[in-house]
Structure formats: C-alpha cells, structure tokens
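As a plain string of letters, each chain reads:
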Amino acid sequence: MRILLVQPTTYYWGKKALHSKTRWLLGLTLPYIAGLTPRHVTVEIADDRLGPIPFHRHYDLVGITATCATADRGYEIAQEFRQRGIPVVMGGFHITLHPEEALEHCDAVVVGEAESVWEQVLEDARLKRLKPRYQAQGFHDMAGLPRPRVELMNLRRYRVKIIPTQTSRGCPYHCSFCEVPIVYGHTYRRRPIGEVLDEIKTLVKVTSLRRIYFVDDNLTGHRDYAKELFKGLQPLNIRWSCLWTINTSRDVELLDLAKKAGCYHINIGIENVCPESINSIAKVQNPVEEYEWLLARLRERGLFYSLNFMFGLDGDTMALFDKTLEFVERIKAPMAFFNSITPRRGTPLWEQLSQEGRVHKPEAEKYLGMVCNFLPKHMTPEQCEAGVWRCFQQFYSYPSIFRRLLAPPNGYIFQGLPSNLYFHFVVNKRIDPVDFY
C-alpha cells in the first residue's frame with residue numbers, strides 16, 4: 001500500500017498562494033502521522049509550500065492536514081486527486097472543528113486525534129470501503145506515542161535546523177480566542193517523561209541535530225512535570241525552544257532548571273498591555289501590571305524570548321499602538337510579533353462577535369496577512385491593520401534595533417540581531433515575518 005501525506009500551503013488575502021524555496025521550521029504533524037503508519041505501508045510526504053504536489057503518481061490514499069489558513073488550498077488538492085480516482089482523507093484542527101464543510105471536498109474526515117482511528121482508515125482504504133467520518137473516541141493518554149519520522153523530510157529545505165517533538169497536548173487555560181481548548185476538550189495531557197527523553201535521544205541520532213523545539217501549546221502548564229522534564233533534559237546536551245505563558249516567570253526554580261537544561265528561546269503570548277482587553281479574552285494568566293518584572297526574570301538569566309501581541313480587542317483604542325511600542329522599547333524586548341486578532345469559527349470569541357453582528361469579513365480567517373475580520377469597538381478594521389504594520393515597522397526599524405540590542409550591547413545581541421535585521425527587511429515589504437515559518 002502506498003500513501004501520500006500533504007501539508008497544504010496558505011493563501012494571502014486575494015487568493016495568492018504562498019510558495020518558497022525554503023521555510024524556517026519543520027512541522028510535526030506529517031512526520032508524526034508517518035510514524036503512526038504501519039511500516040508495511042509506503043509513505044511519502046509533500047510540503048505544498050516548498051514544491052509541486054505529485055498529482056501524476058498513483059496512491060492508494062492521500063491524507064491532507066488542514067488548519068484554518070490552509071483549508072481552502074487543501075480542498076483544491078483533494079479535488080485534484082479525487083478527479084484522478086484517488087481517495088482523500090482530511091484531518092487537523094480545521095477539519096475537526098468543521099467536518100461537514102470538509103466532507104464536501106474529500107472522501108473521509110478524521111475528527112479529533114488520529115491515534116485511535118488511523119489504522120482503521122488505512123485498512124478501509126486498502127479494501128476500498130472508506131467511511132465518510134472517523135471519530136476519535138475520547139483523548140489519547142499520551143503514552144506509547146510513535147516517533148515522528150523526520151528522516152522522510154528534506155531537512156535542507158528548512159532554514160533553522162531544529163527538530164519538533166511534543167510533551168503535552170492542550171492547555172490548562174481557556175482563552176476565548178483560542179481553538180486549542182475546543183479541539184482538545186479542555187484537557188491538558190502529558191507524556192511519560194522517560195518516553196519524551198528516549199524520543200529526543202533517537203531524533204538526535206537520526207538527524208545528527210542537537211536542537212529541539214517543543215510544539216506544545218504550553219510547555220509549563222504543569223509546573224512539577226516541567227521541572228522533572230528539565231532535569232531529565234540536562235544530561236542530553238541539547239538546546240531547545242518552546243512556548244509558555246508569562247506567569248511561568250513566577251517560579252524561579254523552573255526558570256533556572258530551564259536554563260540549565262538548554263533552553264535558548266521562549267515564545268510568549270503576552271497579547272496586549274491593556275488590562276481591559278486582557279480581561280475581555282479571559283486571559284487570566286496574564287497580569288498586565290506584572291509584565292515588566294516577570295520578563296526581567298528571563299533577561300536576568302539570559303533566556304531569549306519573543307512576544308506575541310494582538311490588536312482590536314474591546315479595550316483597545318488608537319493610543320494602544322504607541323503604548324505597546326513604548327512598552328517593548330522600555331523593556332528592550334529582543335523580538336516581537338504583532339497581529340490583528342483573528343477570531344476563528346468555533347471559538348467563544350467568534351460566537352460573541354457573530355452574535356453582536358461584528359464579523360464583517362468571515363472569510364478573512366483563512367488568509368495570511370493583517371486582515372482584521374471584524375469590527376473593533378474603538379477603531380475601524382483599516383485603522384487596526386495600519387496600526388499593526390506601524391508597530392512592526394517601528395519595532396524593527398534601525399533606531400529601535402540599536403536601542404534594544406546595542407545601546408549598550410546586551411546578552412541578546414548575538415541571538416537577536418540576525419532575526420531583527422531580517423525582519424526589518426521583510427516588514428518594509430509589508431510581509432508578515434510569521435509567513436516565513
């Protein structure tokens with residue numbers, strides 16, 4: 001049996017597909033599904049972003065993963081294979097949230113996590129009796145997960161030589177804009193630490209790379225687990241990147257263990273510096289009045305970080321853009337990403353805005369860029385988009401880079417200067433730096 005796993009690319013607003021010779025990071029989903037596939041099945045992987053889809057080849061099944069931003073392109077790819085008589089199954093966040101929509105474009109969908117149904121999907125495809133819907137019953141306990149087959153990927157096509165792995169799924173928080181709690185049923189599940197460590201050791205052997213990034217939505221959602229994980233990582237002599245919440249900095253023991261374990265980059269969803277706006281999205285873990293000293297604890301330990309901001313929330317006024325820029329300059333943030341908040345269908349925030357009649361471009365959730373797809377309370381969508389671009393351009397301007405990293409030179413200069421200079425180049429072409437990931 002021969003299958004193809006496809007990661008569709010994304011569209012810019014205006015239906016222009018994003019293609020490039022390289023991308024920054026290798027994703028986990030397709031190598032993981034390949035690892036979940038029995039070894040007697042031949043697996044090929046296609047990244048639509050990096051090259052043409054092999055429509056001319058014959059497969060017994062094509063599997064397509066889809067996020068909100070990649071679903072439309074995924075449907076196009078599915079249609080092309082179906083016209084050639086090849087069955088297509090789709091899964092992923094968007095498909096789990098909107099299975100009926102997806103079934104208009106493919107033969108079958110996987111709703112929820114794949115572990116409990118994937119072998120059945122393959123067997124039914126082999127016998128040509130594919131069912132329309134494969135529904136995961138409950139959530140996996142995270143024990144005994146297969147190793148992602150990253151060796152199937154051409155690692156030369158990815159700029160940052162870093163390998164993905166996972167320790168948990170879900171998040172203990174319930175922010176209203178986020179689809180993670182919806183897809184994972186408001187659970188937060190963790191893998192056995194020994195299995196995580198064994199997987200990392202094997203990934204290092206297979207790839208000869210010693211840099212790992214944890215794809216977890218919140219690596220430190222369970223502090224005691226995170227501490228034991230970091231202790232286990234220390235002998236492995238690796239460097240790693242992750243996402244965690246800003247309130248992690250309350251625990252200095254955890255920060256010190258992360259530093260000793262090889263942490264070299266943390267991405268933090270700080271979201272907004274307006275308390276009213278933070279309250280409007282139920283982001284209870286983000287105490288705005290404590291941001292500065294919590295981030296200072298990272299700087300004291302030389303832990304490099306990047307911050308994510310979103311604009312257009314109910315407390316946001318036009319003055320917030322300047323206030324945000326003043327904040328990131330004052331703390332000398334080494335990296336930051338700015339966005340118009342984009343509520344997704346299926347999230348509490350989408351439901352709220354829909355009921356209030358404020359969603360004016362529902363299709364905008366599917367595209368890259370700074371499109372504001374709803375009506376903010378205190379600005380127009382166009383003002384929101386312009387403010388986001390102004391934050392990007394001022395933050396990555398030469399004077400700002402100089403003040404944040406060079407005046408005087410600080411511990412972030414060697415890690416932060418190359419990315420800051422690169423982002424200076426792309427934002428002045430009005431390209432969202434996140435597009436390159």
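What comes next is a walk through the structure. (Residues numbered from 1 in each chain as written. Predicted model: local features only at pLDDT ≥ 70, side-chain atom pairs only at ≥ 80, totals over all residues. Heavy atoms only, no water.)

**Some remarks on the sheet that holds strand β1 (residues 2-7)**
Within the open sheet, the six strands sit side by side as β4-β1-β5-β6-β7-β8. Their pairing is parallel. Unpaired on one side and paired on the other, β4 (42-47) and β8 (133-135) mark the two borders of the sheet. The mean inter-strand angle of the sheet, taken between neighbouring strand axes irrespective of direction, is 20°. As judged from the four bridges shared by strand β5 (residues 61-65) and strand β6 (residues 88-91), these two strands associate in the parallel manner. (Pairing = 2+ DSSP bridges. Helix = DSSP H or I, 4+ residues; strand = E, 2+ residues; numbered from the N terminus. Axes fitted to C-alpha atoms, helices over the stretch in contact; angles between N-to-C directions.)

**What about unusual backbone geometry?**
Looking along the chain, the bond that leaves Ala407 and enters Pro408 is cis, with omega of -10°. When you line up the elements, Pro408 lands in the loop between α15 (398-405) and α16 (413-427). Backbone geometry places Met142, a non-glycine residue, at a positive phi of 75°. Checked against the element boundaries, Met142 lands in the loop between β8 and β9 (163-165).

**What about the packing of helix α8 (residues 223-233) against helix α9 (residues 252-261)?**
Direction vectors running N to C along α8 and α9 enclose 25°, while the axes themselves pass 8 Å from each other. The angle between α8 and α9 places the two elements in the roughly parallel class. Here α8 runs over α9; the crossing is left-handed. Facing α8, whose interface residues are Arg223, Ala226, Lys227, Phe230, Lys231 and Leu233, α9 presents Glu253, Leu254, Leu257, Ala258 and Ala261. Class assignment of the residues belonging to the contact of α8 with α9 gives a composition of seven nonpolar, no polar and four charged. (Parallel < 35°, antiparallel > 145°, perpendicular 65-115°, else oblique. Left-handed = near helix turned anticlockwise from the far one by under 90°. Contact = heavy atoms within 4.5 Å. Nonpolar A, V, L, I, M, F, W, Y, C, P; charged D, E, K, R; others polar.)

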